[in-house]
Number of protein chains: 2
Amino acid sequence: MSANVPTDICFSFSGLIKRGGETGSHKDGWGIAFYEGKGYRSFHDPVASANSEVAKFIQQYSIKSTQVICHIRKANRGRVCLENTHPFSRELWGQIWSFAHNGQLKGIKKKKLNGYTPVGTTDSEHAFCWILGQLRQAFPTKPKSKIKLRNSVERLCREVAGHGVFNVLMSDAENLYVYCNTKLSWLTRQAPFVEAQLVDADLCVDFKKETAQEDVVTVIATEPLTSNEQWAKMAVGEFSVFRLGEKEFTSVN
Amino acid sequence: MSANVPTDICFSFSGLIKRGGETGSHKDGWGIAFYEGKGYRSFHDPVASANSEVAKFIQQYSIKSTQVICHIRKANRGRVCLENTHPFSRELWGQIWSFAHNGQLKGIKKKKLNGYTPVGTTDSEHAFCWILGQLRQAFPTKPKSKIKLRNSVERLCREVAGHGVFNVLMSDAENLYVYCNTKLSWLTRQAPFVEAQLVDADLCVDFKKETAQEDVVTVIATEPLTSNEQWAKMAVGEFSVFRLGEKEFTSVN
């Protein structure tokens, strides 16, 4: 999620967590990361999200955030354990970067790391550490040019995607970088707001009652989370950057 | 806490959180970090722990861990916000290091950083980033000698302590490093286990019923958490290392 005002994710989260063991098979742990200003906090659990006590708590407890990344895991590489749950996070230039990935990456572990080392054993965390190491090597301090940074992130994503399936959400606390090479859908909610119905749970919310006129909230997910709204499919090879709820940049290769 | 078997912290936590706004004045946010194998998860809240919904959840939800670091904040340097809550964490050599500090450090921000940059504005996070940067400079890869590493951590702690008050708990996922320059107390629980009564809440627990014969659990706190057990005061200038519940090393300067 990317939003222009701190927004809670309770509704979308209520649908997504069902896919971790109830309406879907991604039952090998889950995690969620919230940005609150420069602050970052994440909640992780190595159990199925549909049965997780931590998930139940998060579902009921409203944390208002301008960027949220949530991931439910289906283990391919790396056993089911806390250190292998996404989103992964690391600090670069005094900002917390976070990363959630869907897919498998062949041969990614041959890529030489530089300053960031995985804690767990997933190909995903290795890819994330490699990207951050490359960024820090290219820019020992934060680049003043947003475009230079974005171009580098795009180039690195495309290089990783050459190793297999790489659908990814990555944030640097300011921007939400999205790369799609098989499947991602997205939706921007803004006035006039309507009622929305979850796909995975018998729950609907009337966003007219929950939002202010100027709110802009974008949600990106592997599969649409609601049944009555117009989700757009991302193109294969699409790299997009969201900021404060708006798609600021997109490039398809 | 340092323990030889995964142990939950619910009892001690129930007392400690009261000190954040109820029985004590450290009401400017709080955080807790759990190590589960190589995995690490932390919970942070920028509100008083005595009134925190996240704290209520943690109090009731048993997370079993061999190392836990918890901190309740009294803001001196740096405003009250999520990014200024301890414990801070960073990855070094593929391990998550975490750090909680009590005290104020004069002039610490003049110390030049190297690879780790604070996200928030506290003197504490600056000290932590400086220590990790120094360690990585001295040891680009993890030193094989535990003694070399421990000596470096001790030297760096003593250097930081020269800037003011530095009571600190720091973990590298394997060892719990403790430096005391004004006030810390500690206690090791092992067989024969007894009943313990919290200082800050009307709660007692009979550890005979909660533990196995071979369990060894050490708790370190600014002030004793229980009223009927023998807590030892750490010496001023004491640097100690705990591992799997046991004090493995101590040095007073």
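Notes on the structure in this doc start here. (Residues numbered from 1 in each chain as written. Chains lettered and ligands numbered in written order. Predicted model: local features only at pLDDT ≥ 70, side-chain atom pairs only at ≥ 80, totals over all residues.)

## Description of the pairing of strand β1 (residues 2–7) of chain A
Residue and element names in this part refer to chain A. Of the pairings in the sheet, the one linking β1 to strand β12 (residues 217–221) comprises 2 bridges and is antiparallel in character. Among the inter-strand pairings, Ser-2 is bridged to a residue of β12, identified as Thr-218. Direction of pairing for β1 relative to strand β4 (residues 65–72): antiparallel, over a ladder of 2 bridges. Note that in β4 the partner of Thr-7 across the bridge is Ser-65. (Pairing = 2+ DSSP bridges. Helix = DSSP H or I, 4+ residues; strand = E, 2+ residues; numbered from the N terminus.)

## Thoughts on the interface of chain B and chain A
A common way to state how big an interface is: give the accessible area lost once the parts meet. Facing the 24 residues of chain B at the interface are 24 residues of chain A. Looking at the side of chain B that touches chain A, the elements that each hand over two or more residues are β3 (39–45), α2 (53–60), β5 (88–92) and β6 (95–102) of chain B. Ranked by residues supplied to the side of chain B that touches chain A, first place goes to β3(B) with 3 residues. Grouping the amino acids of the side of chain B that touches chain A by side-chain chemistry returns 9 nonpolar, 8 polar and 7 charged. (Contact = placed C-beta atoms within 7 Å. Nonpolar A, V, L, I, M, F, W, Y, C, P; charged D, E, K, R; others polar.)

## Remarks on the pairing of strand β7 (residues 167–171) of chain A
All names here are of chain A. By the criterion of burial, β7 is predominantly enclosed, with 4 of the 5 residues buried. Of the strand pairs in this sheet, β7 and strand β8 (residues 176–180) are connected by 4 bridges, and their pairing is antiparallel. Looking across to β8, one finds that Ser-171 is bridged to Leu-176. Taking the residues between adjacent antiparallel strands as the criterion, β7 and β8 are bridged by 4 residues, where Ala-173 takes a positive phi near 85 degrees. (Buried ≥ 20, exposed ≤ 12 C-beta atoms within 10 Å, placed from the backbone.)

## Let's talk about the sheet that holds strand β7 (residues 167–171) of chain B
Strand pairing within a sheet occurs via backbone hydrogen bonds; the two strands may be parallel or antiparallel. All names here are of chain B. One open sheet holds the 6 strands; their spatial order is β5-β6-β7-β8-β14-β15, and the pairing between them is antiparallel. Of all strands in the sheet, those with a lone pairing partner are β5 and β15 (246–252), marking the two edges. Strand-to-strand twist in this sheet, taken as the mean axis angle between neighbours without regard to direction, amounts to 15 degrees. Relative to β15, strand β14 (residues 238–243) is paired through 6 bridges, and the arrangement is antiparallel. Bridge pairing in β15 places Glu-238 opposite Val-252. Set on the sheet, helix α3 (residues 123–138) makes contact with β5 and β6; between it and β5 the angle comes to about 10 degrees. (Axes fitted to C-alpha atoms, helices over the stretch in contact; angles between N-to-C directions.)

Just geometry here; none of it tells us what the structure is for.
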